[in-house]
Amino acid sequence: MTTAPPSPRVLPHPTREEIRLDSVLHALSDPVRMRIVSELADAEAALSCSRFDLPVTKSTTTHHFRVLRESGVIQQVYEGTAKMNGLRREDLDALFPGLLDALLTAARRQAARDARA
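Residues numbered from 1 in each chain as written. Predicted model: local features only at pLDDT ≥ 70, side-chain atom pairs only at ≥ 80, totals over all residues. Heavy atoms only, no water.

Per an unreviewed UniProt entry, the protein chain goes by the name Helix-turn-helix domain-containing protein and belongs to Streptomyces werraensis.

Here it is in structure tokens:
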């Protein structure tokens, strides 16, 4: 299996030093965006946008990915025609130790409570 070459299309991302806690918390305050992050964390690999089955329109999905990218939560790169999404765990853990794991754990517990209700 061959991998598509990187695309010359480059999307803007904040550097590690530009990532702000308020932006990260805002990005993760939306349940759809938290679901995207949870799926990326579980996959431990980059996933294409089409791999996500989200309960929103395509344009809203695009908006959610943009918010996550611009806040520094995810990295997006083009591979051929696919936009690949990866969690910036190393950057987030370096800047805000324990934050991502705490939020992922809290989101999973909430989802389990919601499923029982």
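That shown, we press on.
Let us now look at the overall build of the protein chain. Within the protein chain, the regular secondary structure consists of five helices and three strands. The order of helices and strands in the protein chain, counted from the N terminus, is α-α-β-α-β-β-α-α. Expected size for 117 residues packed as a compact globule is a radius of gyration near 13 Å; at 14 Å, the protein chain falls within 12% of this value. Across its three principal axes, the protein chain shows a C-alpha extent of roughly 45 × 30 × 30 Å. Per-residue burial over the protein chain gives 34% buried out of 117 residues. Taking the contacts inside the protein chain whose residues are at least 6 apart along the sequence as the reference set, 68% of them involve residues at least 24 apart. Accessible surface for the protein chain amounts to roughly 7300 Å². Of this, 54% is attributable to carbon and sulfur atoms. Each charge sign in the protein chain was given a centre, from 16 positive and 15 negative side chains, and these centres are 4 Å apart. (Helix = DSSP H or I, 4+ residues; strand = E, 2+ residues; numbered from the N terminus. Rg over C-alpha atoms; globule rule 2.2 N^0.38 Å. Buried < 20%, exposed > 50% of the residue type's maximum accessible area, 1.4 Å probe, protein only. Contact = heavy atoms within 4.5 Å. Areas by Shrake-Rupley, 256 points an atom, 1.4 Å probe, with all protein chains shown as cover. Lys, Arg positive; Asp, Glu negative; His and termini not counted. Charge placed at Lys NZ, Arg CZ, Asp CG, Glu CD.)

Per-residue confidence for the protein chain gives a mean pLDDT of 91, with 93% of residues at or over 70. Across the protein chain, element-level confidence peaks in helix α4 (residues 89–95) with a mean pLDDT of 98 and bottoms out in helix α5 (residues 99–116) with 92. (pLDDT = per-residue confidence, 0-100.)

A word on the UniProt feature "domain: HTH arsR-type" (unreviewed entry) in the protein chain. The positions UniProt marks with the feature "domain: HTH arsR-type" (unreviewed entry) are residues 13–107. End C-alpha atoms of residues 13–107 are separated by 25 Å, and the span's content is 54% helix alongside 15% strand. (UniProt positions renumbered as here; feature names shortened; annotations may be inferred.)

Grouped together as the largest cluster of nonpolar side chains are 22 residues, with contacts concentrated most on Ile36, Leu68 and Val73. For this core, the element with the most residues is helix α2 (residues 31–43), which contributes six residues. For isoleucine 36, the residues in contact, after removing those within four places along its chain, are Phe52, Leu54, His64, Phe65 and Leu68. (Core = buried A, V, L, I, M, F, W, Y, C linked by side-chain atoms within 4.5 Å.)

A separate point is helix α1 (residues 21–28). Among all positions of α1, only Val24, Ala27 and Leu28 are buried. Burial along α1 is one-sided: seen end-on, the buried residues are contained in an arc of 90 degrees. (Arc of directions from axis to C-beta.)

Of the pairings in the sheet, the one linking strand β1 (residues 47–48) to strand β3 (residues 82–87) comprises two bridges and is antiparallel in character. For leucine 47, the partnering residue across the bridge sits in β3 and is asparagine 85. Summarising the sheet, strand β2 (residues 74–79) and β3 pair through six bridges and their orientation is antiparallel. Note on β3: the bridge partner recorded for glutamine 75 is glycine 86. (Pairing = 2+ DSSP bridges.)

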